[in-house]
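Here is how the chains run, residue by residue.
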Amino acid sequence: MKTRTIKTLAFVLVILIGIQSAVSAQPKEKKSKGKKNQKEEVIQLFNGKDLKNWSFFLKDAAVDPATVFTVKDGVINITGQPFGYMRTNETYSDYKLHVEWRWPSEATNSGVFVHGQQPDAIWLKCVECQLKEGSAGDFVCMSGADMDERKDKTKGSVPKMAASSEKPVGEWNIMEVTCKGNTVEVYVNGVLQNKGTNVNLTSGSVCLQSEGKTIEFKNVFLTKLK
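Residues numbered from 1 in each chain as written. Predicted model: local features only at pLDDT ≥ 70, side-chain atom pairs only at ≥ 80, totals over all residues. Heavy atoms only, no water.

A. Structural context of the overall build of the protein. In terms of helices and strands, the protein carries 1 helix and 15 strands. Within the protein, the proportion of its 226 residues that are buried is 37%. A fraction of 68% describes how many contacts in the protein between residues 6 or more apart in sequence connect residues 24 or more apart. As displayed, the protein offers around 12500 Å² of accessible surface, 54% of which is attributable to carbon and sulfur atoms. (Helix = DSSP H or I, 4+ residues; strand = E, 2+ residues; numbered from the N terminus. Buried < 20%, exposed > 50% of the residue type's maximum accessible area, 1.4 Å probe, protein only. Contact = heavy atoms within 4.5 Å. Areas by Shrake-Rupley, 256 points an atom, 1.4 Å probe, with all protein chains shown as cover.)

Here it is as structure tokens:
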């Protein structure tokens, strides 16, 4: 009797352990599935090799864009002359844009445009995130773009909020621009430099400007916001 009782108890114990293991496994499966569903969508705007998914606009139409916008060793080089920009063929909304830039020899002027509108024009309708020396993080509302922070309607610019956070010539900087609904925030090297609210543009192309002298860009991508 004792032997049979022990066997019965052992059998019941095995069943209980199996049930407990099955129950414990269920939350893990749900958690894993949840993480998979929450995976962020990253879009590489620059593939590190060429500029096949970009269009170009220059003030002087006689100049070949291939002489102004070039790629070498995973880096975009823009000569700065003539004025113009390279523009993504696709339009985007609700995203976080990551751009790295540096001045290889001399800090001058350039910009990152968000919500770029058509048709192309030397000062197209968009919100410019300024890269001008000492002013990286200023907003420039161009050709009809607007936001609540632009108090003086005779001027297009909205000054940055903090002291310059730019790095010296030759060093790489990081600009992160979050466009969500009708707001735009810009960080320069981790410092919040500006925030625009009630922006009258919520989607458009991303552009990198040619304005002044040589500037380089790399690691240009955006992350879609849920």
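B. A look at the confidence of the model for the protein. On average, residues of the protein carry a pLDDT of 89, and 83% of them reach 70 or more. Here residues 5–19 is modelled with pLDDT under 50, and outside its nearest four sequence neighbours on either side it reaches 0 contacts, counting other chains as well. Below pLDDT 50 for its whole length, residues 25–34 participates in 0 contacts with residues either more than four positions away or in separate chains. (pLDDT = per-residue confidence, 0-100.)

C. A look at the pattern of salt bridges. By the definition in use, this model includes 6 salt bridges. Here the salt bridges do not stand alone but share partners, grouping D146, R150 and K153 into one network. (Salt bridge = Lys/Arg side-chain N within 4 Å of Asp/Glu carboxyl O.)

D. Expanded view of the packing of aromatic side chains. What the rule picks out here adds up to 5 aromatic pairs. Seen from their ring centres, F83 and W123 are 6.4 Å apart, and the 75° between their planes marks the pair as edge-to-face. With F83 in the loop between strand 4 (75–78) and strand 5 (84–88) and W123 in the loop between strand 7 (111–116) and strand 8 (126–130), this pair connects stretches of sequence that are 40 residues apart. Residue F83 is classed as partly exposed on the basis of its relative accessible area, which comes to 25%. The class of W123 is partly exposed, set by a relative accessible area of 38%. An aromatic cluster is present here, built from F57, Y85 and F113 joined pairwise through their rings. (Phe/Tyr/Trp six-rings, centres within 6.5 Å; stacked < 30°, edge-to-face > 60°.)

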